[in-house]
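Listed below, chain by chain, are the residues.
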Amino acid sequence: MSVETIFALILFIGNIVLLGILSYKVLKFGELEEDHLNPTDFAKNMNSLFPIELAIMAGLSVSCFLTMVTGWAVLKLVLLLLNLCYLGYHGHLYTEGKWKVDAANVWSPSFKKKAQMTIMIGLVYCGLCFFLYLYKSVPALPLSMHAELSLHSSRPSHTSSHLLCHQPPSRSWPQL
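Below you will find a few notes about this structure. (Residues numbered from 1 in each chain as written. Predicted model: local features only at pLDDT ≥ 70, side-chain atom pairs only at ≥ 80, totals over all residues. Heavy atoms only, no water.)

## Notes on the overall build of the protein
Rule in force here: Strands are runs of DSSP state E lasting at least 2 residues, helices are runs of H or I lasting at least 4, and numbering of each runs from the N terminus. For each residue, the accessible area found with a 1.4 Å probe, counting protein chains only, is set against the maximum for its type, and the residue is called buried under 20%, exposed over 50%, and partly exposed in between. Throughout, a residue-residue contact means that at least one pair of heavy atoms, one from each residue, lies within 4.5 Å. Each accessible area value is a Shrake-Rupley result obtained with a 1.4 Å probe; residue values ignore everything except the protein chains displayed when judging cover.
If you tally the helices and strands in the protein, you get five helices and zero strands. From first element to last, N terminus to C terminus, the protein shows the α and β order α-α-α-α-α. A buried classification covers 32% of the 176 residues belonging to the protein. Long-range contacts, defined as pairs at least 24 residues apart, comprise 81% of the intrachain contacts of the protein with a sequence gap of at least 6. Accessible surface, the protein as shown: approximately 11500 Å² in total, 69% of it carbon and sulfur.

Okay, here's the thing in structure tokens:
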């Protein structure tokens, strides 16, 4: 597998994990609003998820940077800028201490509006990056598979040549 393919898969899988974390946060908000979860447990869940989310975003940004090192492209630059902007916003929240959820403020309308807006922006960001990573990783996969196939084809084969050249019979569709 090529380095480009490995980084593409790391970015794609990391983004799926980030989407899962944000979806989990949406589910926890739903449980809180339906009174299935008390505010203390909600705050504990949200506070434990933020450093994990920040670490994954930092890993994605480093992976984006390393893909830029392997070869320059406009899509890679766009992905790197998107990741750095989102990481910068979350880094700002982390350094200011504004990322912590206080159980006493969970029911205030301003907290709910701000937190839900942040999560929805994160979901839109991750959804956009999901399709960009998918668009980026699809061309990388056939290149690595082609390289592996050419590597395997250079080895001597013990199968007979008539088995390699056998093609299934062609079928034509009946005329209506």
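We are not done yet, so read on.
## A short note on the packing of helix H1 (residues 3-33) against helix H2 (residues 39-70)
The condition is simple: Here the axes come from fitting lines to C-alpha atoms, over the contacting stretch only for helices, and the angles between their N-to-C directions go from 0 to 180 degrees. Oblique is the label for any angle not covered by the other classes, which are roughly parallel (under 35 degrees), roughly antiparallel (over 145) and roughly perpendicular (65 to 115). The sense of a crossing depends on the near helix, which, turned anticlockwise from the far helix by less than a right angle, makes the crossing left-handed and, turned clockwise, makes it right-handed. Ten residues, namely Ala, Val, Leu, Ile, Met, Phe, Trp, Tyr, Cys and Pro, are considered nonpolar, four, namely Asp, Glu, Lys and Arg, are considered charged, and the remaining ones, Gly among them, are considered polar.
Interaxial distance between H1 and H2 falls to 9 Å at its minimum, and their mutual angle equals 160 degrees. Accordingly, the angle class assigned to the pair H1 and H2 is roughly antiparallel. You can see that H1 and H2 cross each other, and the crossing is left-handed. When the residues that make up the contact of H1 with H2 are grouped by side-chain class, the tally is 22 nonpolar, six polar and four charged.

## So, the nonpolar core
Note the threshold: Nine residue types can take part in a nonpolar core, namely buried Ala, Val, Leu, Ile, Met, Phe, Trp, Tyr and Cys, and a core is a set of them joined through side-chain atoms within 4.5 Å.
Judged by nonpolar contacts, the single largest core of 24 residues is most densely connected at Leu-18, Met-57, Leu-60, Cys-64, Leu-79, Tyr-125 and Tyr-133. Listed by contribution, the elements that provide at least two residues to this core are H1, H2, helix H3 (74-96) and helix H4 (109-153). Among the elements that line this core, the one with the most residues is H2, at eight residues. Not counting the four nearest positions on each side in its chain, Tyr-133 is found in contact with Leu-11, Phe-12, Asn-15, Leu-60, Cys-64, Leu-79 and Asn-83. Core analysis: the second largest hydrophobic core is formed by 11 residues, Phe-29, Met-46, Phe-111 and Ala-115 among them.

## Concerning the packing of aromatic side chains
What counts here: Stacked, edge-to-face and tilted are the three classes for Phe, Tyr and Trp ring pairs, Trp counted by its six-membered ring, which pair at centre distances within 6.5 Å; planes under 30 degrees apart are stacked, over 60 edge-to-face, the rest tilted.
In this structure the tally under the stated criterion is seven aromatic pairs. Ring geometry for Phe-29 and Phe-42: centres 4.9 Å apart, planes at 70 degrees, overall edge-to-face. Of the two residues, Phe-29 is situated in helix H1 and Phe-42 in helix H2; the sequence distance between them amounts to 13 residues. In terms of burial, Phe-29 and Phe-42 fall into one category: buried. Taking the centre distance of 6.4 Å and the plane angle of 10 degrees together, the rings of Phe-50 and Tyr-94 count as stacked. Of this pair, Phe-50 sits in helix H2 while Tyr-94 is found in helix H3, placing the two residues 44 residues apart along the sequence.

## Structural notes on H3
An α-helix turns once every 3.6 residues. As a result, residues three or four positions apart point the same way. In plain terms, the rule: By definition here, a helix of n residues has an expected span of 1.5 Å times n minus one.
With 23 residues, H3 should cover 33 Å at 1.5 Å per step; its first-to-last C-alpha distance of 33 Å lies within 8% of that length. Every buried residue of H3 is listed here: Lys-76, Leu-79, Leu-80, Asn-83, Tyr-86, Leu-87, His-90 and Leu-93. Taken from the residues just after H3, Gly-97 is the one with a positive phi, measuring 80 degrees.

## Examining the side chain of Lys-25
Note the cut-off: Polar contact is the term for a pair of N or O atoms within 3.5 Å; when the atoms are in protein, one must be able to donate a hydrogen and the other to accept it, and sequence-neighboring residues count only if both atoms are side-chain atoms.
Its location among the elements puts Lys-25 in helix H1. A polar contact of 2.6 Å, which involves the side chain of Lys-25, links it to the side chain of Glu-53.

## Points about the layout of surface pockets
Which parts of space are left empty comes out when a probe the size of a water molecule is rolled across the atoms. The line we're drawing: Only protein atoms enter the 1 Å grid used here. Points where a 1.4 Å probe fits but cannot escape make up a cavity, open sets with protein on both sides within 12 Å along at least five of seven lines make up a pocket, and a residue lines them when an atom lies within 4 Å of a point. Grid points are joined across faces, edges and corners, and a volume is the space filled by probe spheres set on the points.
The computed volume of the largest pocket comes to approximately 410 Å³. Lining the largest pocket we find 22 residues, and of these Lys-98, Trp-99, Val-101, Phe-111 and Ala-115 sit closest to its centre. Where the lining of the largest pocket is concerned, the elements lending two or more residues are H1, H2, H3 and H4. At six residues, the largest contribution of residues to the lining of the largest pocket is made by H4. Of the residues in the lining of the largest pocket, the class split is 12 nonpolar, four polar and six charged.

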